[in-house]
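# Structural overview for review
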Amino acid sequence: MRMGEFSRRTGVSQRLLRYYEEQGLLKPSRRPSGYREFTEADMATVRGIRMLLGAGLGTATIAELMPCMADDGQTLAPACSGMLPDLNRERERIDEAVAGLLAARQKLDAIIAATASTGGADPEACYAAGAAKRPDDAAAPPLGTHA
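Residues numbered from 1 in each chain as written. Predicted model: local features only at pLDDT ≥ 70, side-chain atom pairs only at ≥ 80, totals over all residues. Heavy atoms only, no water.

Okay, helix α2 (residues 14-22) next. Of the positions making up α2, those classed as buried are Leu17, Tyr20 and Glu21. Angularly, the buried residues of α2 cover 100° about the axis, an arc narrow enough to put them on a single face. Seen from the buried face of α2, the exposed residues on the opposite side, beyond 90 degrees, are Arg15 and Glu22. The secondary structure elements touched by the buried residues of α2 are α1 (3-10), β1 (29-30), β2 (36-37) and α3 (40-54). Downstream of α2 by a residue or two, glycine 24 has a phi angle that is positive, lying close to 80°. (Buried < 20%, exposed > 50% of the residue type's maximum accessible area, 1.4 Å probe, protein only. Helix = DSSP H or I, 4+ residues; strand = E, 2+ residues; numbered from the N terminus. Arc of directions from axis to C-beta. Contact = heavy atoms within 4.5 Å.)

This paragraph deals with α1. Here α1 has its buried residues at Met3, Gly4, Phe6 and Ser7. Down the axis, α1 shows its buried residues gathered within 165° of arc, on one side only. Turning to α1, the residues buried within the fold contact α2, β2 and α3. Once α1 ends, the next one or two residues include glycine 11, with phi positive near 75°.

As enumerated under the stated definition, the model contains two aromatic pairs in all. Measuring from ring centre to ring centre gives 4.1 Å for phenylalanine 6 and phenylalanine 38, while their planes differ by 5°; the resulting arrangement is stacked. Of the two residues, phenylalanine 6 is situated in helix α1 and phenylalanine 38 in the loop between β2 and α3; the sequence distance between them amounts to 32 residues. A relative accessible area of 0% places phenylalanine 6 in the buried class. (Phe/Tyr/Trp six-rings, centres within 6.5 Å; stacked < 30°, edge-to-face > 60°.)

Attention now moves to the nonpolar core. The biggest cluster of nonpolar side chains holds 19 residues, and the ones touching the most others in it are Phe6, Leu17, Tyr20, Leu26 and Ile62. Contact partners of leucine 26, with chain neighbours within four places excluded, come to Phe6, Leu17, Tyr20, Glu21, Phe38, Asp42, Thr45 and Val46. (Core = buried A, V, L, I, M, F, W, Y, C linked by side-chain atoms within 4.5 Å.)

Rendered as structure tokens:
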């Protein structure tokens, strides 16, 4: 099937399909006219790519892992235990990212709590500094400019 139909059937934009091809994740055959020709096997490949992207893996890692994945029609599963170090490495990377986000949220919570405890002492000072907008000034030009 040609790219337009393949895009409709997979729910993946043509632009993303071309990107997957550029990254070596998808290898459709070419017609003599140069048009891409996709197969049912390519649909399984795209399902696998989407699943691995959803698991937080990058396209470079996916390109390394795809040859070792088996598709049972429902999901992708590792076909060789040699993938475990790579999968564990990616899990550790995601764990580190989650820890970083949780730390950032804790800092933001502390800032929110400190701000709330001041009771918003002088809202006019915030407006003058440009840190907040008055509800009735949504369309007003920024301070120091002329309308």
